[in-house]
Amino acid sequence: MNLARQIEQYLPRQLLKLVRDISGQAAKLEQRIYLVGGVVRDLLLGYPNFDLDLVVEGDAVKLAQQVAETSQAKLLAHHRFGTAKLRYENFTLDLATARRETYARPGALPAVTPGTLKDDLIRRDFSINAMAISLASNDYGELVDPYQGKNDLEHCLIRILHPGSFNDDATRILRAIRYEQRLGFELETQTAQLLKQDIPMLDTISGDRIRHELELIFKEKLPEFVIQRLGELGVLQRISPFLKGGGWIAEKFGKARRLKKPSQLPSLYFCLLIYSFSEKDIEQFLVRLNIPAKLSRAMRDTLRLKTSLPFLDKPSRKPSEIYYLLREYEPVAIQANALASESPTTQRYLQLFLTKLRYVKPSLNGEELKRLGISAGPEMGKVLQLLHKAKLDGEVSTKADEKNLALSLSRSQKDGR
Ligand code: CTP
């Protein structure tokens, strides 16, 4: 099968030109070059994917160096791994020397030696990700599909390439379900059976690698379906006995996506994922996944704030009370609680803090207070604090109000001495 037409149709013109240039340079070096992995799968499905992975039968670093010299690309080369990244203004291209992999023990990173394209494809996770397209001029666009990936695509199947696949790399358990849910595919019968059988192999995977897979899941359009299915299969519970993936998660993830700031979404998903944990359970999870400090803080804050929510479930709370309770929590933890809470009053207060109260500051600064005769140090600190509280509670609105209040506060402080 030839996919030259799909390449021309789906790749942006600029990217297409780069691919042609690289293919020309590879020919001069007598190296064969192929598009591989996700982009081939997506070209066959007709989905846009501009993340190009290229495999070179030869020396990918040498080729990338030559390409970088004759174009505007920035080069990032890893000689040890035989890989290189070419960074252009709008795209990056990943080049890798075709390789053979062997796993010394389950879950370990594989030992790598140079190999053929076929070696490179058999080391991959699923048949639908183990196809290549030749970019050589004599057979440009020819599909290389030694493991029947196209047939599996047509039958909507996720299939591993050999029975030891999940055992070698149990992150593939998470990847299989991610693709299954993204594409609306099914696990092929033996793959499903081995996946279930090999769930305990997740214990061989480092926290960083499991966390990375969860991050990839959280980049999906509908991560809740992946989480739900992982829960049904018992995969989540293997990562942490306290994890669940039911309808609650689905509802809250959906709501989270309708919020404005998508950059915070992955952290918000993490905070919602652990919402049912106790403050003790979370510690084990943070260690297992080697969660970085800022996100750990947000997840701990989520649970700590959860226990304080009853304080906010009273319609008569003053803005300053809300502010003093919430100021010490990470905003994403507050957002998670706003999504999780079933009380409209609590939700309203949490949103009020996030959208307004946290930005409220007195208009008068230290210099202006000095000019009013208030001396720097504890006196000024106290006045600023009371001005802030008055502003939060709407007791002052103009700068003149603040000046009057500052003077009267300063007077009463002096009188009280
Ligand atoms: N791969 C693998 N086993 C893994 C991770 C990756 O075999 N544990 C291979 C797959 O062939 C995959 C390729 O490396 O296609 C690139 O990996 P990645 O960028 O994670 O996936 P994509 O296929 O590009 O898919 P996505 O659309 O999710 O980015």
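Everything below is about the structure shown above.
The structure displayed is predicted, hence computed values, not measured ones.

J.: An account of the layout of surface pockets is needed here, citing residue identities and associated values.
T.: Considering only enclosed or pocket space, the largest pocket measures out at about 1800 Å³ in volume. Lining the largest pocket are 47 residues, and of these Asp53, Arg123, Arg124, Arg175 and His212 lie nearest its centre. Counting residues per element, the ones that place at least two in the lining of the largest pocket are helix H3 (38-45), strand E2 (52-57), strand E3 (74-78), strand E4 (83-87), strand E5 (92-97), strand E6 (99-102), helix H8 (171-183) and helix H10 (207-218). A total of six residues in the lining of the largest pocket trace back to one element, the largest contributor, which is H8. In terms of residue class, the lining of the largest pocket is built from 18 nonpolar, nine polar and 20 charged.

J.: Mind laying out the environment of Asn365, listing which residues take part and the relevant values?
T.: Position of Asn365 relative to the elements: it lies in the loop between helix H19 (344-355) and helix H20 (366-371). Of the residues examined, Asn365 reaches a relative accessible area of 40% and is grouped as partly exposed. Distance from Asn365 to Leu384, taken between C-alpha atoms, is 8.3 Å for residues 19 residues apart in sequence. One polar contact links the side chain of Asn365 to the main-chain amide nitrogen of Glu367, over a distance of 3.2 Å.

J.: Kindly report on the pattern of salt bridges, identifying the contributing residues and their values.
T.: Summed over all chains, the structure comprises 35 salt bridges. Here Arg123 ties to Asp120 by a salt bridge, and the two come within 3.4 Å at their closest N and O atoms. The pair formed by Arg123 and Asp120 is uniform in burial state, with each residue classed as buried. For Glu402, the salt bridge goes to Lys391, with nearest N and O atoms at 3.6 Å. Taken as a pair, Glu402 in helix H22 (residues 399-416) and Lys391 in helix H21 (residues 378-392) lie far apart in primary sequence, 11 residues in all. Through salt bridges with shared partners, one network takes in Arg99, Glu101, Asp120, Arg123 and Arg124.

J.: So what's going on with the pairing of E3? Residues and values would help.
T.: Moving residue by residue along a regular strand, the side chains alternate between the two faces of the sheet. In terms of strand pairing, E3 meets E4 through five bridges, oriented antiparallel. Pairing of His78 across the sheet is with Thr83, part of E4. Here E3 folds back onto E4 in antiparallel fashion, the turn holding four residues, of which Gly82 has a positive phi close to 65°.

J.: Go over empty space enclosed by the protein, please, and point to the residues and values.
T.: Considering all chains together, one arrives at one cavity of 30 Å³ or more under this definition. Empty space within the largest cavity amounts to approximately 40 Å³. What lines the largest cavity is Tyr10, Leu11, Val39, Asp42, Leu43, Tyr47, Pro48, Asn49 and Phe50. The leading source of residues in the lining of the largest cavity is H3, at three residues. Here the residues of the lining of the largest cavity are counted per class, giving seven nonpolar, one polar and one charged.

J.: An account of the packing of helix H13 (residues 247-257) against helix H14 (residues 265-273) is requested, with residue identities and associated values reported.
T.: Where H13 meets H14, the axes come as close as 10 Å, and the angle between the chain directions of the two elements is 155°. In this view, H13 runs roughly antiparallel relative to H14, as classed from their interaxial angle. In this structure, the crossing between H13 and H14 has a hand that is right-handed. Packed against H13, whose contacting residues are Trp248, Ile249, Lys252, Phe253, Ala256 and Arg257, the element H14 presents Leu265, Leu268, Tyr269, Leu272 and Leu273 at the interface. In terms of residue class, the contact of H13 with H14 is made up of nine nonpolar, no polar and two charged.

J.: Requested: an account of the site of the ligand, with residues and values cited.
T.: The environment of the ligand is made up of 14 residues, and the closest members are Arg41, Asp125, Asp169, Arg178 and Arg182. Note that a nitrogen atom of the ligand is positioned 3.0 Å from one of the side-chain N or O atoms of Asp169. A total of 570 Å² of accessible area belongs to the ligand in isolation, and the protein chains cover 74% of it. A molecule is said to occupy a pocket when more than half its atoms come within 2 Å of that pocket's grid points, and by this definition the ligand occupies the largest pocket. Of all elements in the fold, only H3 and H8 reach the threshold of two or more residues within the shell around the ligand. Residue contributions to the shell around the ligand peak at six residues, all from H8. For the shell around the ligand, the per-class residue count stands at one nonpolar, four polar and nine charged.

J.: Can you explain helix H4 (residues 60-69)? Please cite residues and give values.
T.: When we look at burial in H4, the residues that qualify are Ala60, Val61, Leu63, Ala64, Val67 and Ala68. The arc that holds every buried residue of H4, seen down its axis, measures 160°, which confines them to one face. For H4, the elements touching its buried residues are helix H2 (13-28), strand E1 (32-36), E2, E3, E4 and E5.

J.: How would you summarise the nonpolar core if you had to cite specific residues and measurements?
T.: Leu35, Leu86, Leu93 and Met299 are the most contacted members of the largest nonpolar core, which has 92 residues in total. When residues of this core are assigned to their parent elements, the largest contribution, seven residues, is made by H14. Counting residues in each nonpolar core, the second largest holds 19 residues, with Leu309, Leu325, Tyr349 and Leu354 among its members.

J.: So what's going on with the sheet that holds E2? Which residues, and what values?
T.: Pairing is mixed in the open sheet, where seven strands are placed in the order E3-E4-E5-E2-E1-E8-E9. Because the sheet does not close on itself, it has two edges, and the strands there are E3 and strand E9 (143-144). Bridging between E2 and E5 involves five bridges; their strand directions are parallel. Residue Asp53 lies in a different strand from E5, and its bridge partner there is Asp94. Strand contacts of H3: E1, E2, strand E8 (132-134) and E9, with the helix running at about 65° to E1, the strand carrying the most contacts.

Reading the values: the criteria
- Starting afresh in each chain, residues are numbered from 1 along the sequence in its written order.
- At least 70 in pLDDT is required for a residue's local features to be given in this predicted model, at least 80 for side-chain atom pairs to be given and counted, and no such filter applies to totals for whole chains, interfaces and linings, which use all residues.
- Side-chain measures here rest on the full set of heavy atoms in the structure, leaving out hydrogens and waters.
- Two kinds of site are reported from a 1 Å grid over the protein atoms alone, namely cavities, where a 1.4 Å probe fits but cannot get out, and pockets, open sets with protein on both sides within 12 Å along at least five of seven lines, and residues are called lining when an atom falls within 4 Å of a point.
- Grid points are joined across faces, edges and corners, and a volume is the space filled by probe spheres set on the points.
- Each helix corresponds to a stretch of at least 4 residues labelled H or I by DSSP, and each strand to a stretch of at least 2 residues labelled E; elements are numbered beginning at the N terminus.
- Polar here means any residue outside two lists: the nonpolar Ala, Val, Leu, Ile, Met, Phe, Trp, Tyr, Cys and Pro, and the charged Asp, Glu, Lys and Arg; Gly therefore counts as polar.
- Using a 1.4 Å probe on the protein chains alone, a residue whose accessible area is under 20% of its type maximum counts as buried, one over 50% counts as exposed, and one in between counts as partly exposed.
- Between N or O atoms, a polar contact is any pair within 3.5 Å; within protein, one atom must be a potential hydrogen donor and the other a potential acceptor, and residues adjacent in sequence are included only when both atoms are from side chains.
- Any carboxyl oxygen of Asp or Glu within 4 Å of a side-chain nitrogen of Lys or Arg constitutes a salt bridge here.
- Think of it this way: DSSP has to see at least two bridges between two strands before they count as a pair.
- Convention adopted: a line fitted to C-alpha atoms gives each axis, helices being fitted over their contacting stretch, and angles between N-to-C directions are expressed from 0 to 180 degrees.
- Orientation is classified from the angle alone, with under 35 degrees giving roughly parallel, over 145 giving roughly antiparallel, 65 to 115 giving roughly perpendicular, and any other angle giving oblique.
- By definition, any crossing whose near helix is turned counterclockwise from its far helix by less than a right angle is left-handed, and any crossing with a clockwise turn is right-handed.
- Whether two residues touch is decided by their heavy atoms; if any such pair falls within 4.5 Å, the residues are in contact.
- What makes a residue near a molecule or strand is one non-hydrogen atom of that residue sitting within 4 Å of it.
- The method behind every accessible area is Shrake-Rupley, applied with a 1.4 Å probe, and residues are considered shielded solely by the protein chains displayed.
- To be counted as sitting in a cavity or pocket, a molecule needs more than half of its atoms within 2 Å of that site's grid points.
- Arc, as used here, means the arc of the directions from the helix axis to the C-beta atoms.
- In plain words, nonpolar cores are sets of buried Ala, Val, Leu, Ile, Met, Phe, Trp, Tyr and Cys residues tied together by side-chain atoms within 4.5 Å.

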